[in-house]
Amino acid sequence: MEENQASKIHFWPIMIAIFFGNFVSVLSTTTINIAVPLLMDHFNTSLNTMQWMVTGFMLATGVTAPLAGYLGGRFSYKRLYLFALMGFTMFSLLCALAWDPTSLIVFRMLQGSCSGLIMACTMTIIFQVIPGERRPFAVSLWSLSAMVAIRDGRASHRSDV
């Protein structure tokens, strides 16, 4: 019975959804650091204030990631992943529309809470849905999505690259 169920799994659509979600989640963690000086100028505020935006995001990510186990078990990981991805998208839009540093910090924290759920859900979905013989490849794709998203912003400014 398990072999029959494993043959019904659509590996690539699942992995594309997981890859995309994990990619945008990790990307939002790293790219904001490059924008801090621009945001300081835009909002005419200090580094200390903008640091709360980065710290708040990371704290929210760390706090919500452990909740994914409870929430995923209660509502299903697929629903939780979709909810988190929709929330992440909505809060990303609100970050772009932020009118002052406080609103940006709050929206980034809410975005971070969704990001924590996304990262935890994607790995759990791999272990729940992907058959054992394809799981190492699936985990390597999951890891690749994070590695591709992490980019050193200084690399594009180097003359020796």
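Residues numbered from 1 in each chain as written. Predicted model: local features only at pLDDT ≥ 70, side-chain atom pairs only at ≥ 80, totals over all residues. Heavy atoms only, no water.

Helix and strand content of the chain: seven helices and zero strands. Each helix and strand of the chain, ordered N terminal to C terminal, gives the series α-α-α-α-α-α-α. Evaluated residue by residue, the chain yields a buried proportion of 38% over its 161 residues. In the chain, of all internal contacts separated by at least 6 residues, the share reaching a separation of at least 24 is 72%. (Helix = DSSP H or I, 4+ residues; strand = E, 2+ residues; numbered from the N terminus. Buried < 20%, exposed > 50% of the residue type's maximum accessible area, 1.4 Å probe, protein only. Contact = heavy atoms within 4.5 Å.)

You will see that N44, though not glycine, has its phi angle at about 50°, which is positive. Mapped onto the fold, N44 is located in the loop between α2 (11–43) and α3 (47–64). At S76, a residue that is not glycine, the phi angle is positive and equals roughly 90°. Along the chain, the position of S76 falls in the loop between α4 (67–75) and α5 (77–96).

A word on the packing of aromatic side chains. Counted according to the given criterion, the structure contains four aromatic pairs. Plain terms: the ring middles of F11 and W12 are 5.1 Å apart, the flat faces sit at 85° to each other, and that makes the pair edge-to-face. When its relative accessible area of 4% is taken as the criterion, F11 is described as buried. Taken together, a centroid distance of 5.6 Å and an interplanar angle of 80° make the contact between W99 and F107 edge-to-face. (Phe/Tyr/Trp six-rings, centres within 6.5 Å; stacked < 30°, edge-to-face > 60°.)

Another aspect to go through is the side chain of N22. Summarising the element assignment, N22 is placed in helix α2. The class of N22 is buried, set by a relative accessible area of 1%. Within the structure, the side chain of N22 is placed 2.9 Å from the side chain of S145, a separation counted as a polar contact. Not counting residues within four places of it along the chain, the set of residues in contact with N22 comprises I118, M119, T122, W142, S145 and A146. (Polar contact = N/O pair within 3.5 Å; in protein donor to acceptor, adjacent residues only side chain to side chain.)

This part is about the confidence of the model for the chain. Close reading of the predicted structure is inappropriate where its pLDDT is low. Of the residues in the chain, 89% have a pLDDT of 70 or more, and the chain-wide mean is 86. When the elements of the chain are averaged for pLDDT, helix α1 (residues 2–8) gives the smallest value, 56, and α5 the largest, 95. Per-residue pLDDT stays below 50 along residues 153–161; that stretch engages in four contacts with residues further than four places along the chain or on separate chains. (pLDDT = per-residue confidence, 0-100.)

Right, let's get into the nonpolar core. Core analysis: the biggest nonpolar cluster contains 22 residues, and M15 and I126 have the highest contact counts within it. Elements that contribute at least two residues to this core include exactly α2, α5, α6 (101–129) and α7 (135–149). The element that contributes the greatest number of residues to this core is α5, accounting for seven residues. Residue contacts for I126: discarding those within four places in its chain leaves M15, I18, R135, A138, V139 and W142. Core analysis: the next-biggest nonpolar cluster, separate from the first, contains twelve residues, I32, F43, C95 and L104 among them. (Core = buried A, V, L, I, M, F, W, Y, C linked by side-chain atoms within 4.5 Å.)

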